[in-house]
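An overview of the molecular structure
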Amino acid sequence: MAVIVDDVTFGYHQRPVLQNVSFEIDQGRLAILLGRNGSGKSTLIKIIAGLLSAVSGTIRVMGRELKVLRSAERAKTIGYLPQFHQPVFQYSVEDVVLTGRVAYIWNAPGHSDRQIAQRALQTVGIEHLRDRPYTELSGGERQLVMFARVLAQEPDIILLDEPVSHLDLANQIQLLTMLKRMTQAGCTVLAALHDPNIASRFGDQFIFLKNSRIASPPNREFPWDSDFLSSIYSVQLETIRSNGKPLIFPVLENTQLPPGPKGPPSIDLTPS
Ligand code: ATP
Ligand code: MG
């Protein structure tokens, strides 16, 4: 097993966010984490990345307990793409991608580090952005740069927190296809995604969070059952099976929508 999460419990300010969470991811699998806003996906990913410490429970990565890994070892084992990234300096795209090599660099980046960064830019298809200041990029371009940075890190395990949230459909498919290929080459991936239609197309394994716990679908082979998904997302959903894959869509006619925001007072726009 590449990742073992065993009985992890965590809370912020005594408020529980994850309770007795356990799951395993086999090496070379693409696991997808699903759940509503605030269900604890980012928190769980940060715990596996070693950025937060669980109150109890253990994490093992590539056969070793996470807490015994020194930071350079951890960076070579686990790559992490955060949900939000606040750039501080006006680094060029190339320099941002090179920061992915930090665990390998002793003093200054060498020729091979630059080659690896260049290859990561090529793989993601963003070589044309290489010399642009990162701070001037669009949201989707930044997300692709951060993905290239994780690739340059060459980790065994990649944790991605909503990696496609800013991407157009073509780039979503491209990035997820790339991840799939990387798993076929032995890399292990855990990604938080919101769209079950996209998730079901690419994932090998699905982990659902609800009320701070893992929710287990009645049928593990096909976890897209309408009732189960409707309970996960608290909205009525319907699933149609098409060639073994689900097509999931909302049932709007029975949905009680909450009242919308009031909005600004109306103004008279007729020319005087
Ligand atoms: P989203 O889909 O919106 O990204 P999520 O599933 O990633 O949500 P988390 O970010 O893990 O959810 O948050 C889980 C809960 O913990 C939420 O109720 C959130 O308000 C709370 N939380 C997250 N970070 C902190 C923090 N630093 N301090 C206190 N509470 C926090
Ligand atoms: Mg999140």
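Attention here is on the structure that accompanies the text.

Next up on the list: unusual backbone geometry. For glutamine 14, which is not a glycine, the phi torsion comes out positive at approximately 70°. Structurally, glutamine 14 can be placed in the loop between strand S1 (3-12) and strand S2 (15-25). Residues other than glycine seldom take positive phi values, yet methionine 62 does so here, at roughly 45°. Structurally, methionine 62 can be placed in the loop between strand S4 (56-61) and strand S5 (64-65).

This next bit is on the nonpolar core. Residues Val97, Phe147, Phe208 and Trp224 are the most contacted members of the largest nonpolar core, which totals 51 residues. Per-element accounting of this core gives the leading share, 8 residues, to helix H5 (residues 139-153). Setting aside its immediate chain neighbours within four residues, phenylalanine 147 contacts Leu81, Val124, Leu160, Leu175, Met178, Leu179 and Met182. Core analysis: the next-biggest nonpolar cluster, separate from the first, contains 29 residues, Val8, Ile45, Tyr80 and Ile157 among them.

Within the secondary structure, lysine 245 sits in strand S12 (residues 245-250). Residue class for lysine 245 comes out partly exposed when judged on its relative accessible area of 34%. Measuring from C-alpha to C-alpha, the distance between lysine 245 and asparagine 197 comes to 8.9 Å, with 48 residues separating the pair along the chain. The residues contacting lysine 245, other than those within four sequence positions of it, are Ser200, Arg201, Phe222 and Ile240.

Turning to the coordination of the magnesium ion (ligand 2), a few remarks are in order. The protein atoms that coordinate the magnesium ion (ligand 2) are Ser42 (OG) and Gln83 (OE1), at distances spanning 2.0 to 2.2 Å. Of the two residues, serine 42 sits in helix H1 (residues 41-49) while glutamine 83 sits in the loop between strand S6 (78-81) and helix H3 (93-98), which places them 41 residues apart along the sequence.

A few words on the sheet that holds strand S8 (residues 188-192). Spatially, 6 strands are ordered S6-S7-S8-S3-S9-S10 in an open sheet, and the strand pairing comes out mixed. One side of each edge strand has no neighbouring strand; the edge strands of this open sheet are S6 and strand S10 (213-215). Taken over all neighbouring pairs, the strand axes of this sheet differ in orientation by 20° on average, direction set aside. Judged from the 4 bridges that link them, strand S3 (residues 30-34) and strand S9 (residues 205-210) form a sheet pairing that is parallel. The residue of S9 that forms the bridge with alanine 31 is glutamine 205. Along the sheet, H1 makes contact with S3, S6, strand S7 (157-161), S8 and S9, crossing S7 at roughly 155°. In the packing of helix H8 (residues 226-233) onto the sheet, contacts are made with S3, S9 and S10, and the angle to S9 comes to roughly 45°.

Let us look at a nonpolar patch on the surface. Together, Val88, Phe89 and Tyr91 give the surface a local cluster of nonpolar side chains, amounting to about 350 Å² of exposed area. Within the secondary structure, tyrosine 91 is located in the loop between S6 and H3.

Bringing the pattern of salt bridges into the picture now. Tallying each qualifying case throughout the model produces 7 salt bridges. Arginine 130 serves as the salt-bridge partner of aspartate 131, at 3.7 Å between the closest nitrogen and oxygen. Since its relative accessible area comes to 59%, aspartate 131 is described here as exposed. The closest approach of N and O atoms between aspartate 204 and lysine 180, which form a salt bridge, is 2.9 Å.

Reading the values: rules and limits
Residues numbered from 1 in each chain as written. Chains lettered and ligands numbered in written order. Predicted model: local features only at pLDDT ≥ 70, side-chain atom pairs only at ≥ 80, totals over all residues. Heavy atoms only, no water. Helix = DSSP H or I, 4+ residues; strand = E, 2+ residues; numbered from the N terminus. Core = buried A, V, L, I, M, F, W, Y, C linked by side-chain atoms within 4.5 Å. Buried < 20%, exposed > 50% of the residue type's maximum accessible area, 1.4 Å probe, protein only. Contact = heavy atoms within 4.5 Å. Donors = N, O, S within 2.8 Å, 3.2 Å for Na, K, Ca; no water. Pairing = 2+ DSSP bridges. Axes fitted to C-alpha atoms, helices over the stretch in contact; angles between N-to-C directions. Patch = residues over 30% accessible without salt bridge, like charges linked within 9 Å, V, L, I, M, F, W, Y side chains within 5 Å. Areas by Shrake-Rupley, 256 points an atom, 1.4 Å probe, with all protein chains shown as cover. Salt bridge = Lys/Arg side-chain N within 4 Å of Asp/Glu carboxyl O.

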